[in-house]
Amino acid sequence: MMYSEKVLEHFLNPKNLGYILEPDGVGKMGDPSCGDYLHIYIKVKDNRIADIKFEILGCPAAIATSSVLTELAEGKTLDEALKITDDDVVKALGGLPDPKVHCSNLGAEALHRAVEDYLDKVKFKK
Ligand code: FES
(Lines give C-alpha, C1' and ligand atoms only; values in the text may rest on other atoms or scores of the structure.)
Protein backbone atom coordinates (compact mmCIF):
# COMPACT_ATOMS: atom_id res chain seq x y z
CA MET A 1 0.00 0.00 0.00
CA MET A 2 1.49 3.34 -1.05
CA TYR A 3 0.82 6.52 0.89
CA SER A 4 1.33 10.00 -0.57
CA GLU A 5 4.16 12.12 0.79
CA LYS A 6 1.62 14.34 2.47
CA VAL A 7 0.13 11.38 4.36
CA LEU A 8 3.58 10.31 5.54
CA GLU A 9 4.42 13.86 6.57
CA HIS A 10 1.27 14.17 8.72
CA PHE A 11 1.63 10.64 10.12
CA LEU A 12 5.26 11.14 11.15
CA ASN A 13 4.77 14.69 12.40
CA PRO A 14 1.10 15.17 13.30
CA LYS A 15 -0.09 18.73 13.77
CA ASN A 16 -2.24 19.76 16.75
CA LEU A 17 -1.86 16.48 18.59
CA GLY A 18 -3.04 16.70 22.22
CA TYR A 19 -6.06 18.03 24.06
CA ILE A 20 -7.48 21.37 25.21
CA LEU A 21 -8.20 21.99 28.87
CA GLU A 22 -11.76 23.26 29.21
CA PRO A 23 -12.65 23.00 25.52
CA ASP A 24 -15.71 24.78 24.13
CA GLY A 25 -16.67 21.66 22.19
CA VAL A 26 -15.67 18.00 22.01
CA GLY A 27 -16.42 15.57 19.19
CA LYS A 28 -15.91 11.82 19.50
CA MET A 29 -16.02 9.39 16.65
CA GLY A 30 -15.09 5.74 16.34
CA ASP A 31 -15.12 3.08 13.65
CA PRO A 32 -16.29 -0.25 15.10
CA SER A 33 -15.00 -2.16 12.06
CA CYS A 34 -11.35 -1.37 12.84
CA GLY A 35 -11.52 -0.04 16.41
CA ASP A 36 -9.98 3.34 15.61
CA TYR A 37 -11.18 6.18 17.82
CA LEU A 38 -10.78 9.96 17.66
CA HIS A 39 -11.46 12.90 19.97
CA ILE A 40 -11.49 16.47 18.62
CA TYR A 41 -11.32 19.44 21.01
CA ILE A 42 -12.11 23.00 19.92
CA LYS A 43 -11.93 26.50 21.32
CA VAL A 44 -14.28 29.02 19.68
CA LYS A 45 -13.77 32.75 19.46
CA ASP A 46 -15.86 35.23 17.45
CA ASN A 47 -17.68 32.33 15.80
CA ARG A 48 -14.40 30.85 14.53
CA ILE A 49 -12.33 27.83 15.48
CA ALA A 50 -9.56 29.56 17.41
CA ASP A 51 -7.81 26.37 18.53
CA ILE A 52 -8.19 22.69 17.71
CA LYS A 53 -6.45 19.57 19.00
CA PHE A 54 -6.94 15.84 18.61
CA GLU A 55 -6.24 12.60 20.43
CA ILE A 56 -6.41 9.34 18.56
CA LEU A 57 -6.03 5.64 18.83
CA GLY A 58 -5.70 4.76 15.20
CA CYS A 59 -3.90 3.65 12.09
CA PRO A 60 -1.38 5.82 10.17
CA ALA A 61 -4.08 7.05 7.76
CA ALA A 62 -6.41 7.99 10.62
CA ILE A 63 -3.59 9.94 12.29
CA ALA A 64 -2.73 11.74 9.03
CA THR A 65 -6.37 12.53 8.21
CA SER A 66 -6.98 13.90 11.71
CA SER A 67 -3.85 16.03 11.55
CA VAL A 68 -4.67 17.56 8.16
CA LEU A 69 -8.29 18.06 9.24
CA THR A 70 -7.15 20.26 12.13
CA GLU A 71 -5.18 22.38 9.66
CA LEU A 72 -8.23 22.69 7.40
CA ALA A 73 -10.49 23.65 10.31
CA GLU A 74 -8.32 26.11 12.23
CA GLY A 75 -9.50 29.70 11.74
CA LYS A 76 -12.66 28.66 9.88
CA THR A 77 -16.10 29.94 10.88
CA LEU A 78 -18.35 27.34 12.48
CA ASP A 79 -20.46 27.20 9.30
CA GLU A 80 -17.37 26.61 7.18
CA ALA A 81 -16.16 23.92 9.58
CA LEU A 82 -19.50 22.13 9.33
CA LYS A 83 -19.06 22.03 5.54
CA ILE A 84 -15.66 20.30 5.61
CA THR A 85 -16.16 16.84 4.07
CA ASP A 86 -14.29 13.53 3.99
CA ASP A 87 -13.40 14.36 0.38
CA ASP A 88 -11.80 17.66 1.41
CA VAL A 89 -9.64 15.72 3.87
CA VAL A 90 -8.60 13.12 1.27
CA LYS A 91 -7.81 15.85 -1.28
CA ALA A 92 -5.71 17.79 1.25
CA LEU A 93 -3.61 14.64 1.69
CA GLY A 94 -3.12 14.10 -2.03
CA GLY A 95 -5.33 10.99 -1.92
CA LEU A 96 -5.48 7.79 0.13
CA PRO A 97 -5.16 4.14 -0.95
CA ASP A 98 -8.65 2.60 -1.46
CA PRO A 99 -8.63 0.40 1.67
CA LYS A 100 -7.80 3.51 3.72
CA VAL A 101 -10.41 5.95 2.39
CA HIS A 102 -12.75 5.05 5.28
CA CYS A 103 -10.15 6.49 7.70
CA SER A 104 -11.00 9.98 6.44
CA ASN A 105 -14.57 9.62 7.80
CA LEU A 106 -13.46 9.92 11.40
CA GLY A 107 -12.05 13.45 11.19
CA ALA A 108 -14.84 15.34 9.45
CA GLU A 109 -17.55 13.67 11.56
CA ALA A 110 -15.69 14.26 14.85
CA LEU A 111 -15.20 17.92 13.90
CA HIS A 112 -18.90 18.32 13.10
CA ARG A 113 -19.77 16.74 16.45
CA ALA A 114 -17.41 19.12 18.28
CA VAL A 115 -19.04 22.13 16.60
CA GLU A 116 -22.52 20.78 17.40
CA ASP A 117 -21.45 20.16 21.00
CA TYR A 118 -20.41 23.82 21.23
CA LEU A 119 -23.64 25.06 19.59
CA ASP A 120 -25.72 22.91 21.99
CA LYS A 121 -23.92 24.40 24.98
CA VAL A 122 -24.48 27.96 23.71
CA LYS A 123 -28.17 27.22 23.14
CA PHE A 124 -28.48 25.69 26.60
CA LYS A 125 -26.91 28.77 28.26
CA LYS A 126 -29.46 31.15 26.70
FE1 FES B 1 -10.01 2.23 10.39
FE2 FES B 1 -7.89 3.60 9.73
S3 FES B 1 -8.11 1.46 9.66
S4 FES B 1 -9.71 4.35 10.60
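Caption draft 1: Highlighting the nonpolar core. Ile40, Ile42, Ile49, Ile52, Leu111 and Val115 are the most contacted members of the largest nonpolar core, which totals 30 residues. With residues up to four places along the chain from it excluded, the contact list for Ile42 reads Ile20, Pro23, Asp24, Gly25, Ile49, Asp51, Ile52, Ala114, Val115 and Tyr118.

Caption draft 2: Representation of the confidence of the model for the protein in the model. Here the protein shows a mean pLDDT of 94. Residues at 70 or above account for 98%. Confidence scores differ between elements of the protein, with helix H5 (residues 104-125) showing the lowest mean pLDDT of 92 and helix H3 (residues 78-82) the highest of 98.

Caption draft 3: The arrangement of the pattern of salt bridges in detail. The full count for this structure, using the stated rule, is four salt bridges. When the shortest N-O distance is used, the salt bridge between Asp24 and Lys43 registers 3.9 Å. Of the two residues, Asp24 is situated in the loop between helix H1 (5-12) and strand S1 (25-31) and Lys43 in strand S2 (residues 36-45); the sequence distance between them amounts to 19 residues. We note a salt bridge from Arg113 to Glu109, for which the minimum N-O separation is 3.0 Å. Here Glu109 and Arg113 lie together in helix H5, a separation of four residues that amounts to about one turn. Using a relative accessible area of 36% as the deciding quantity, one classes Arg113 as partly exposed.

Rules of the game
Residues numbered from 1 in each chain as written. Predicted model: local features only at pLDDT ≥ 70, side-chain atom pairs only at ≥ 80, totals over all residues. Heavy atoms only, no water. Core = buried A, V, L, I, M, F, W, Y, C linked by side-chain atoms within 4.5 Å. Buried < 20%, exposed > 50% of the residue type's maximum accessible area, 1.4 Å probe, protein only. Contact = heavy atoms within 4.5 Å. pLDDT = per-residue confidence, 0-100. Helix = DSSP H or I, 4+ residues; strand = E, 2+ residues; numbered from the N terminus. Salt bridge = Lys/Arg side-chain N within 4 Å of Asp/Glu carboxyl O.

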